[in-house]
Amino acid sequence: TKPTPIAICTWGFSEANRVAGAALKAGKSALDAAIEGVQVEEDNLKNTTVGKGGAPDREGNVTLDACVMSPNGDCGSVLYVSTITHVAALARKVMEETPHVILAGEGAEEFGYTQGFKREDLLTEESNKAWQEWLKSSEYKPIINIENHDTIGMLCLDKEGDIAGACSTSGLSYKMKGRVGDSPIIGSGLFVDNEVGGAVATGMGEEILKTVGSFLIVELMRNGMSPQQACEEAVHRIVKKNDRYKDFQAAYIAINKAGETGAYCIHEGFAMMKYQNDKNENIAVDFYHK
Ligand code: SD4
């Protein structure tokens, strides 16, 4: 028997997860639900690491990264987008309306306008103020669970039992101009294989990229691990290679075809939202560094 629909997402984004859960309950596809859910945070001006209102790079440019992956194995990604808020939906358009998988920068933006996306200024007054304040010291030091917290990664399992995912971020606050993290990179920030399950990442993108974490988790599940075991192993790969892990956070969530879920991270303070059967729960996630 198939599991009832499930939505899980990174951090405590209860409204985003509730919206995705409601979409699944209404019979929408896993991909529709994941994008609708992620959009709640893209629109949330208080969230300073996703969508409009995101913290800028060192030169004051807000640049967004996102990707989506559908149950049939297709994927789409946009990176370095500075004028469009709904970048997960834009990544879907790349997937569905172009012969390509990734569009970057101006090319992604120009394509977006042809698809009806609005041109917007993504730097809000508050983010601008915070950036001006940051400029006084210009010290680049991501803070665990604070400065680099809030990327939304969402995985949905719909009533057909199909799995899709979406990931959306403005990346690390005060990153270098041109920097792109793990979030729009298929296999690192997100991976879905509808035969097996899906995984999505948040935290220090550079470390997630080096270990291709989300693909790793899906392959470990294919080889028999539970989502929980696979997330733990992916975190172990990072800490094994990198003794600076005490200074950064990295976190994964995962789901398999049976509807089992798992999550693990380096440092205390990460949470996963889980919707199933009308219940939307905030689940504290176990961590490596104790
Ligand atoms: C990045 N992984 O750009 C993202 C940042 C993040 O919560 O997850 N923040 O590296």
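Residues numbered from 1 in each chain as written. Predicted model: local features only at pLDDT ≥ 70, side-chain atom pairs only at ≥ 80, totals over all residues.

The protein is annotated in an unreviewed UniProt entry as Isoaspartyl peptidase/L-asparaginase family protein of Jejudonia soesokkakensis.

Asker: When you look at the nonpolar core in this model, what are you seeing that I'm missing?
Answerer: Note that soluble globular proteins tend to have their nonpolar side chains buried in a common cluster. Within the largest apolar cluster, 87 residues are counted, with the highest numbers of intra-cluster contacts made by A20, A34, M154, C156, I217 and Y252. Top element by residues in this core is helix α2 (residues 30–43). It accounts for 7 residues. When near neighbours in sequence (up to four residues on either side) are disregarded, C156 contacts A7, A20, L24, A30, A33, A34 and A164. (Core = buried A, V, L, I, M, F, W, Y, C linked by C-beta atoms within 7 Å. Buried ≥ 20, exposed ≤ 12 C-beta atoms within 10 Å, placed from the backbone. Helix = DSSP H or I, 4+ residues; strand = E, 2+ residues; numbered from the N terminus. Contact = placed C-beta atoms within 7 Å.)

Asker: Is there a simple way to think about the site of the ligand in this case?
Answerer: T151, G171, G181, T202 and G205 are the nearest of the 14 residues found near the ligand. For the shell around the ligand, a count of residues per class yields 1 nonpolar, 11 polar and 2 charged. (Near = placed C-beta within 6 Å. Nonpolar A, V, L, I, M, F, W, Y, C, P; charged D, E, K, R; others polar.)

Asker: What am I meant to see in the environment of G165 here?
Answerer: By the secondary structure assignment, G165 is in strand β6 (residues 163–169). The residues touching G165, leaving out its near neighbours within four places in the chain, are A34, V68, M69, M154, L155, L190, V192, G198 and V200.

Asker: Whenever I open this one, unusual backbone geometry confuses me. Can you help?
Answerer: One non-glycine residue, S138, adopts positive backbone phi at about 50°. Tracing the sequence through the fold places S138 in the loop between α5 (125–137) and β5 (152–157). The exposure class assigned to S138 is exposed, which follows from the 8 C-beta atoms found within 10 Å. Positive phi outside glycine occurs at D278, with the angle close to 70°. Mapped onto the elements, D278 comes out in the loop between β11 (271–276) and β12 (279–284). The class for D278 is exposed, based on 10 C-beta atoms found within 10 Å.

Asker: Before we go on, may I ask you to explain the environment of A30 in this structure?
Answerer: In this structure, A30 sits in helix α2. Counting along the chain gives 129 residues from A30 to K159, while the straight-line C-alpha distance between them is 8.4 Å. Ignoring anything within four residues of it in the chain, the contact list for A30 reads P71, C156, L157, D158, D162, I163 and A164.

Asker: It is not clear to me how the confidence of the model for the protein should be interpreted in this structure. Could you clarify?
Answerer: Detailed conclusions should not be drawn from predicted coordinates in areas where pLDDT is low. Mean pLDDT for the protein: 95, with 97% of residues reaching 70 or above. At the level of chain-chain contacts, confidence expressed as ipTM amounts to 0.98, with global pTM at 0.97. (pLDDT = per-residue confidence, 0-100.)

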